[in-house]
Amino acid sequence: MSLWRYADRLPVEPLVTMGEGGTPLVLAEHLSELTGCEVWLKVEGANPTGSFKDRGMTVAVSAAVQEGAEVVVCASTGNTAASAAAYAARAGLRGAVIVPEGKIATGKLAQALMHGARVVALRGNFDQALAVVRELAALHPVSLVNSVNEYRIEGQKTAAFEVVDSLGEAPDVLCIPVGNAGNVTAYWRGFSELGDSPALHGYQAEGAAPLVHGAPVSQPETVASAIRIGNPARWEDAMGAFTSSRGAVRAVSDAEILDAYTLLGSREGVFCEPASAASVAGLLKHGAEGRVVCVLTGHGLKDPQTAMNRASSVVPCEPELAAVEKAVLG
Ligand code: AN7
């Protein structure tokens, strides 16, 4: 069932929707054994365009349509671009996405282009792209669908509702990757509306950890391209969420992220993108107690290159039984 089952807690009608939300919450047996916690994975890669962004985009684009917008724009590290492009296409609006040149994963570029969006490769990073689209939106009648848009947060808060509905109560801890900090803001809003919140444990990549250092990072770097963000737009909201929930924001290294990414694929059967694995990397590094939900924000198919760099190579084989026996069973 889609997130629109919570329509009474959302600010618009579902004008543009394709079954977003209602994603699986999967018990992670191997991770539970490793950590001594009861670990659950919220598999957000199961959304229509492969990430949690669709939760916010269905609400934001429904609002844009209601307001008579003709153009939808965003800055993006990949997932927002694909999601905005898809929902704009479905709504019959023009979509334009600004991405950091050479820094977004192949799958997302293909998606945004297939949905007919204008894809603009900015010679700069995400933070510069966001600053410039904010200026653009102040001057022109375009609908800005980054998470500075309140409708995005409203849609994304439904993930917290789903977690509580699945478990019967809030977990003790929720581990979540943090980039522009919209999602942790949304989970906090959702749990707050229910009056039952876990401790929110946010994780940033070491080379892109402004909230951990308490200062913007001018040249963020990480293998987790989705969270290569140096100056989060939802800074104050996110810090409020960590403090109020008695949680924390911490950093994990690229090596730790890639180890968690590999473990999720090979032991839990869940292929997420590197940024998503930051939540599990953080849990493994810093530990937790009780019942823990790790949010896996996006699908691994976004970024085949990182997967292929990481995984073992394919086995070449002649078309004969003996060769196949050796290749398969040897
Ligand atoms: C898979 O698409 O910022 O802290 O432009 O794609 O709410 O920003 C993506 C962010 C985590 C961080 N995991 O969420 C974008 C973009 C994945 C993501 C995040 C993103 P926020």
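Here the residue numbers are simple positions, counted from 1 along each chain's written sequence. A pLDDT threshold of at least 70 governs which residues receive local features in this predicted model, and a stricter bar of 80 or more applies before side-chain atom pairs are shown or counted, although totals over entire chains, interfaces and linings include all residues. Hydrogen atoms and water are omitted, and side-chain values are computed over all heavy atoms in the structure.

Draft legend 1. Focus on the sheet that holds strand S4 (residues 94-100). Pairs of strands are assigned from DSSP output, requiring at least two bridges between the strands. Runs of H or I in DSSP of at least four residues are treated as helices and runs of E of at least two as strands, each being numbered from the N terminus. Reading across from one edge, S5-S4-S3-S6 is the order of the four strands in this open sheet, with parallel pairing throughout. Two strands lie at the open edges of the sheet, namely strand S5 (118-122) and strand S6 (143-144), each paired on one side alone. Pairing analysis gives five bridges linking strand S3 (residues 71-75) to S4, with the strands arranged parallel. Looking at the pairing, Val-73 lines up with Ala-96 of S4. Strands S3 and S4 of the sheet are contacted by helix H3 (residues 79-91), whose axis makes an angle of about 175° with S3. Residue contacts are defined here by distance: any two heavy atoms, one from each residue, within 4.5 Å place the two residues in contact. All axes here are fitted lines through C-alpha atoms, helices being fitted over the stretch that makes contact, and every angle between N-to-C directions spans 0 to 180 degrees.

Draft legend 2. The arrangement of the packing of helix H8 (residues 182-194) against helix H10 (residues 235-244) in detail. It is the contact of H8 with H10, at a shortest axis distance of 8 Å, that shows an interaxial angle of 50°. Judged on the interaxial angle alone, H10 and H8 are oblique. Regarding H8 and H10, the two cross each other, and that crossing is left-handed. In contact with Val-184, Thr-185 and Trp-188 of H8, H10 contributes Asp-237, Ala-238, Ala-241, Phe-242 and Ser-244. Split by residue class, the contact of H8 with H10 holds five nonpolar, two polar and one charged. What sets the label is the angle itself: under 35 degrees gives roughly parallel, over 145 gives roughly antiparallel, 65 to 115 gives roughly perpendicular, and the rest give oblique. Crossings are sorted by hand: turned counterclockwise from the far helix by less than a right angle, the near helix makes the crossing left-handed, and turned clockwise it makes it right-handed. Gly counts as polar in this scheme, as do all residues outside two lists: the nonpolar Ala, Val, Leu, Ile, Met, Phe, Trp, Tyr, Cys and Pro, and the charged Asp, Glu, Lys and Arg.

Draft legend 3. Quick look at the domain arrangement of the protein chain. Where each domain begins and ends follows an automated or database-derived domain assignment. Looking at the assigned domains, one finds that the protein chain contains domain 1 (3-52 + 151-309) and domain 2 (53-149). The interface is formed by 48 residues belonging to domain 1 together with 39 residues belonging to domain 2. Summed over both partners, the interface of domain 1 with domain 2 buries about 3500 Å², with 53% contributed by carbon and sulfur atoms. Computed with a 1.4 Å rolling probe, the buried area is the accessible surface lost when two parts are put together, summed over both parts. For domain 1, the biggest contributors to the area lost against domain 2 are Val-16, Tyr-151 and Arg-152; these three give 24% of the whole. Just to be clear on terms, a salt bridge is a Lys or Arg side-chain nitrogen sitting within 4 Å of an Asp or Glu carboxyl oxygen. One can count two salt bridges joining domain 1 with domain 2. In this structure, Glu-44 engages Arg-55 in a salt bridge whose closest nitrogen and oxygen atoms are separated by 2.5 Å. N or O atoms closer than or at 3.5 Å make up a polar contact, with two conditions inside protein: a donor-capable atom paired with an acceptor-capable one, and, for residues adjacent in sequence, both atoms drawn from side chains. Inspection of the domain 1/domain 2 interface yields 30 residue pairs in polar contact (both at pLDDT 80 or more).

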